[in-house]
Amino acid sequence: MSSVDIQLRNAKFSDAELLLSWRNHVSTRQASLTTAEIDLASHLTWLEASLAMPEQRRLWIAELSDEAVGSCRADKKADTWELSWMVAPTARGRGVAQAMLQALFVVFDQSCSAQVKADNVASIKVAERSGFRCVGDVEGVLQFQRDKAN
C-alpha cells in the first residue's frame, strides 16, 4: 500500500493546458502507445468531447496537497473500462501512480483493462500492484485485466 495521500477530482476544461503539457513531455510520449506530440487545437477538441460524454469516458485529476500530480482516464470498451494513467513529470518517483489507482478503485470499482508497453517497467509494476493481471502481449504491448472487486 502506498502512503501517498492522493485526492481525485473530475477533470475540467480549465485543466487543458496542464494535461497537454504532461502528455507532450518527452518521457510521457516515450511511454505512451501514441508517441506523437499533440497540438493544442486537437487537444482542446478531444478534451471538450471527453468531458461531454461521461458514459463513455471519465477523466480524473490526482492531487497531492492541492497540487495536480497526475491523471487517470477510463474509456468504456464493451464490458470493461480501459484505464490509462499519467504522472506529472515533476511528481514521478514518489509513488503517485500507485496511490492514484488505489484512490481510483475506491470510487470507480469496475472491471478494467489496461495496455502497457512491454518496456514500461514502472507502469507494469503499478498495474500488477493494483490488481491487474497480464493476459497477453500484442506486438510489445502487454494487455492487462482487473476484475471488479465486488
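Coordinates for the structure precede this section.
Residue positions within a chain follow its written sequence, with the count starting from 1. Owing to the predicted nature of the model, reporting of local features is limited to residues with pLDDT of at least 70; listing and counting of side-chain atom pairs is limited to 80 or more, with chain, interface and lining totals taken over all residues. Excluding hydrogens and water, the side-chain figures rest on all heavy atoms present in the structure.

## Examining the layout of surface pockets
Part 1: In this model, the largest pocket occupies a volume close to 1,200 Å³.
Part 2: When the residues that make up the lining of the largest pocket are grouped by side-chain class, the tally is 17 nonpolar, 14 polar and 10 charged. Whether a set of points on the 1 Å grid over the protein atoms alone is a cavity depends on a 1.4 Å probe fitting there but being unable to get out, while an open set qualifies as a pocket with protein on both sides within 12 Å along at least five of seven lines; lining residues are those with an atom within 4 Å of a point. Grid points are joined across faces, edges and corners, and a volume is the space filled by probe spheres set on the points. All residues other than Ala, Val, Leu, Ile, Met, Phe, Trp, Tyr, Cys, Pro, Asp, Glu, Lys and Arg, Gly among them, are scored as polar; the first ten of these are nonpolar and the last four charged.

## Quick look at the packing of helix H4 (residues 96-107) against helix H5 (residues 121-129)
Part 1: Only C-alpha atoms enter the line fits that serve as axes; for helices the fit covers just the stretch in contact. Angles between N-to-C directions range over 0 to 180 degrees. Labels follow the DSSP assignment, with helices taken as runs of H or I lasting at least four residues and strands as runs of E lasting at least two, numbered in each case from the N terminus. Between H4 and H5, whose axes approach to 9 Å, the crossing angle comes to 30 degrees. For H4 against H5, the interelement crossing comes out right-handed. Packed against H4, whose contacting residues are Ala97, Gln98 and Leu101, the element H5 presents Lys125, Val126 and Arg129 at the interface.
Part 2: Of the residues assigned to the contact of H4 with H5, the class counts are 3 nonpolar, 1 polar and 2 charged. Left-handed describes a crossing whose near helix is turned anticlockwise from the far helix through less than a right angle; right-handed describes the clockwise counterpart. Two residues qualify as a contact provided that any one of their heavy atoms is within 4.5 Å of a heavy atom in the partner residue.

## With respect to the pairing of strand E3 (residues 67-77)
Part 1: Where strand E2 (residues 57-64) and E3 come together, 8 bridges link them in antiparallel fashion. Note that in E3 the partner of Leu59 across the bridge is Arg73.
Part 2: At least two DSSP bridges between two strands are needed for those strands to be called paired. Here E2 folds back onto E3 in antiparallel fashion, the turn holding 2 residues, of which Ser65 has a positive phi close to 50 degrees.
Part 3: Alignment of E3 against strand E4 (residues 80-87), held across 8 bridges, turns out to be antiparallel. Pairing of Ala74 across the sheet is with Leu83, part of E4.
Part 4: The hairpin formed by E3 and E4 contains 2 residues between the paired strands, and Ala78 there has a positive phi angle of roughly 55 degrees.

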